[in-house]
Amino acid sequence: MKHIDEYRDGNAARAYAEAIGRITTRPWTIMEVCGGQTHSIVKFGIDELLPRSVTLVHGPGCPVCVTPLELIEKAISIASIPGVLFCSFGDMLRVPGVSRDLLSVKAAGGDVRIVYSPLDALRLAVEQPGREVVFFAVGFEPTAPAVAMAAHQAVRQDVRNFSLLVSHVLVPPAMETVLSSPGNRVQGFLAAGHVCAVMGTAEYEPIASRYHVPIVVTGFEPVDILQGIHMCLRQLEQGRAEVENQYARSVRPEGNPAAQKLIREVFQVVPRKWRGIGEIARSGLGLREAYASLDAETRFGVAGHTTEEPPECRSGLVLQGLLKPHECPEFGARCTPEHPLGATMVSSEGACAAYYHYRRRRG
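We now turn to the structure provided with this report. (Residues numbered from 1 in each chain as written. Predicted model: local features only at pLDDT ≥ 70, side-chain atom pairs only at ≥ 80, totals over all residues. Heavy atoms only, no water.)

Points about the side chain of E70
Phase 1: You can see E70 is positioned in helix α4 (residues 69–79).
Phase 2: In this structure E70 comes out as buried when scored by relative accessible area, which is 12%.
Phase 3: Every residue in contact with E70, bar those within four places of it in the chain, is listed here: K273, H305, T306 and T307. (Helix = DSSP H or I, 4+ residues; strand = E, 2+ residues; numbered from the N terminus. Buried < 20%, exposed > 50% of the residue type's maximum accessible area, 1.4 Å probe, protein only. Contact = heavy atoms within 4.5 Å.)

If you want it as structure tokens, here you go:
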């Protein structure tokens, strides 16, 4: 298949692994930001091809994983209201709240539906004008344009029974939070290619300069990731800290201006709480005043609700690259995909889920 087979070529992967071994002269720690990259790394054993001196740590790049517990509780509360049709991406249904999840609400009779686009939820609202339809808007920058389009169309068509529970987050502030942490050990980043396909690469340049870390925009297949690691290590060994683009087949420096314009029209930058990490300034997207009528938190009276994170889940340390999943004492014991303590064990992009599925049998 075009753009798949050549990026899973074993000979090319081995060539990059050997090249990495030749240029590496000292220990380095690199963080991949995206959960999709994490799964590729663990599934294909990319980290095991690297010299022992090169350590990969996993960042807060799983949008399901970083959705705060209080938003999950708000979603459960709204979905439990009789007559509400609650729409969500499938990954969110098994993310644990305090005592249950959205799948439990569905099992108890709540109308919770999996959709593949926020426009599907808007269509349901148009088809069922007598019901309140809510879409759980979760994700990083790549999912924001579709949500913005749904909001734009809802206002334009005067669809009054449609609303959004918004939990959009932004990648660059999370990277800065990791770098400014007292326990930080990250010396370079693999940035998420799909995020940069929307937003471009310019917003990473101040981070690379301020913290003197190389940032390489990278794809998701094994050869992509190994090439990105090679580019990052080459910068580190040469003392450079620049933004480079490994994923040039999909990412342009300017990103997607049309998508960015739509995001700016509907959303404004706001503080956002991240599960296991806490509030990060200017790290989220919230609805602008012109679209405030679509805010589900206000519509259903849950805006002020807060929830404390359970102390036994250490997913926050995993998301900051301070702990590998298998180093958590609850991993595979009290915390499994069937009975998760945190979202990193149930999300298809969660680091704990990756280690459980691909590394558990090897201890």
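Considering helix α15 (residues 351–358)
Phase 1: Within α15, six of the eight residues are buried, which leaves it mostly tucked inside the rest of the structure.
Phase 2: Taken together, the buried positions of α15 are occupied by A351, C352, A353, A354, Y355 and Y356.
Phase 3: In the core, the buried residues of α15 are packed alongside α2 (35–43), β2 (54–58) and α14 (315–319).

Re the pairing of strand β6 (residues 162–169)
Phase 1: Within β6, eight of the eight residues are buried, which leaves the element mostly enclosed by the surrounding structure.
Phase 2: Here β6 shows two buried faces, one formed by F162, L164, V166 and H168 and the other by S163, L165, S167 and V169.
Phase 3: Bridging between strand β5 (residues 132–139) and β6 involves seven bridges; their strand directions are parallel. Counterpart to A137 in the pairing with β6 is V166.
Phase 4: Read as a crossover between parallel neighbours, the route from β5 over helix α7 (residues 144–156) to β6 is right-handed. (Pairing = 2+ DSSP bridges. Right-handed = clockwise from strand over helix to strand, strands pointing away.)

Side note on helix α1 (residues 10–23)
Along an α-helix, residues three or four positions apart point the same way, because every turn accommodates 3.6 residues.
Phase 1: Here α1 spans 20 Å end to end across 14 residues, near enough to the 20 Å set by a 1.5 Å rise per residue.
Phase 2: Here α1 has its buried residues at A13, A17, A19 and I20. Axial view of α1: buried residues confined to an arc of 160°, hence all on one face. Looking at α1, the residues exposed on the side facing more than 90 degrees away from the buried face are N11 and R22.
Phase 3: Looking at the packing, one finds that the buried side of α1 touches α11 (222–238).
Phase 4: In this structure D9 caps α1, since a side-chain oxygen of it lies 3.2 Å from the backbone nitrogen of N11. (Expected span 1.5 Å × (residues − 1). Arc of directions from axis to C-beta. Polar contact = N/O pair within 3.5 Å; in protein donor to acceptor, adjacent residues only side chain to side chain.)

Side note on empty space enclosed by the protein
Phase 1: By the definition in use, this model includes five cavities of 30 Å³ or more.
Phase 2: The volume enclosed by the largest cavity comes to roughly 110 Å³.
Phase 3: If you go around the largest cavity, you meet 15 residues; those closest to its centre are C313, R314, C328, C335 and C352.
Phase 4: Residues of the lining of the largest cavity, tallied by class, amount to nine nonpolar, three polar and three charged.
Phase 5: Among the residues forming the lining of the second largest cavity, the class breakdown is four nonpolar, seven polar and one charged. (1 Å grid on protein atoms, 1.4 Å probe; cavity = no way out; pocket = protein on both sides within 12 Å on 5 of 7 lines; lining within 4 Å. Points joined across faces, edges and corners; volume = space filled by probe spheres on them. Nonpolar A, V, L, I, M, F, W, Y, C, P; charged D, E, K, R; others polar.)

Remarks on the pattern of salt bridges
Phase 1: For the structure on display, the rule yields 16 salt bridges.
Phase 2: A salt bridge links E127 to R123; the nearest nitrogen and oxygen atoms lie 3.2 Å apart. Remark: R123 and E127 occur in helix α6 (residues 118–127); sequence separation between them is four residues, near one turn of the helix.
Phase 3: Residue R123 is classed as partly exposed on the basis of its relative accessible area of 41%.
Phase 4: For D158, the salt bridge is made with R160, and the minimal N-O distance between the two is 3.0 Å. (Salt bridge = Lys/Arg side-chain N within 4 Å of Asp/Glu carboxyl O.)

Here's the deal with the sheet that holds β2
Phase 1: Strand order across the open sheet formed by five strands is β2-β1-β7-β8-β9, with parallel pairing between neighbours. In the strand order of this sheet, the two ends are held by β2 and β9 (243–245), each with one partner. In this sheet, adjacent strand axes meet at a mean angle of 25° when their direction is disregarded.
Phase 2: As paired elements, strand β1 (residues 28–32) and β2 share five bridges and run parallel to each other. Directly across from W28, in β2, lies its bridge partner V54. (Axes fitted to C-alpha atoms, helices over the stretch in contact; angles between N-to-C directions.)

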